[in-house]
Amino acid sequence: LSADMVVLGIGGKPNVELFKKYLPMQNSGPDGGGILVNEFLQTDSHPEIYCVGDIAAFPHANVISRLEHVDNARRSAIVAVKNLVREKRQ
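None of the values given here were measured: they were computed from a predicted structure.

Rules used in this analysis
- Residues numbered from 1 in each chain as written.
- Predicted model: local features only at pLDDT ≥ 70, side-chain atom pairs only at ≥ 80, totals over all residues.
- Heavy atoms only, no water.
- Helix = DSSP H or I, 4+ residues; strand = E, 2+ residues; numbered from the N terminus.
- Expected span 1.5 Å × (residues − 1).
- Buried < 20%, exposed > 50% of the residue type's maximum accessible area, 1.4 Å probe, protein only.
- Arc of directions from axis to C-beta.
- Contact = heavy atoms within 4.5 Å.
- Polar contact = N/O pair within 3.5 Å; in protein donor to acceptor, adjacent residues only side chain to side chain.

J.: Explanation requested: helix α1 (residues 70–84) in the structure shown.
T.: Residues that lie three or four places apart on an α-helix share one face, since the helix turns once every 3.6 residues. The terminal C-alpha atoms of α1 lie 21 Å apart, and with 15 residues this matches the ideal 21 Å at 1.5 Å per residue to within 8%. Residues of α1 that are buried: Asn72, Ser76, Val79, Ala80 and Asn83. For α1, the angular spread of buried residues about the axis comes to 100 degrees, placing them on one side. After α1 finishes, the residue Arg86 shows a positive phi value of roughly 60 degrees.

Put into structure tokens, the structure is as follows:
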């Protein structure tokens, strides 16, 4: 397999310690999960707070999921900004 560049991330784990006292958390997975958000990426207890990327635990197909991938981080940030300014709910 030939490549000009390979980027490999190993062992990354979201650091949610700062938020555990203030926001609802997903309590599953080897790292303890992420911050629970709704379909608009708002936290359940504080809808004025949005969460994106690896630490967001969002509803998908009737389960709470986290997606640790750079593409998810980029796309979820765009969705959160659109929802924040109420341009369009996604």
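J.: Where do I start with the environment of Tyr22 in this structure?
T.: Mapped onto the fold, Tyr22 is located in the segment before β1 (35–36). Between the C-alpha atom of Tyr22 and that of His46, which follows or precedes it by 24 residues, the distance is 9.1 Å. Ignoring sequence-local partners within four residues, the contact set of Tyr22 consists of Ser45 and His46.

J.: Could you clarify how one ought to interpret the side chain of Ser76 in this entry?
T.: Within the secondary structure, Ser76 is located in helix α1. Given the relative accessible area of 9%, Ser76 is considered buried. At 3.3 Å, the side chain of Ser76 forms a polar contact with the backbone oxygen of Ala73. If sequence neighbours within four positions are ignored, Ser76 has contacts with Leu41, Val52 and Gly53.

J.: Before we go on, may I ask you to explain the environment of Val52 in this structure?
T.: Tracing the chain through its elements places Val52 in the loop between β1 and β2 (56–60). Taking the relative accessible area as the measure of exposure, Val52 reaches 32% and is therefore partly exposed. The spatial distance from the C-alpha of Val52 to the C-alpha of Val79 is 8.9 Å, given a sequence separation of 27 residues. Sequence-distant contacts of Val52, that is, excluding residues within four places in its chain, are made with Leu41, Ser76, Ala77 and Ala80.

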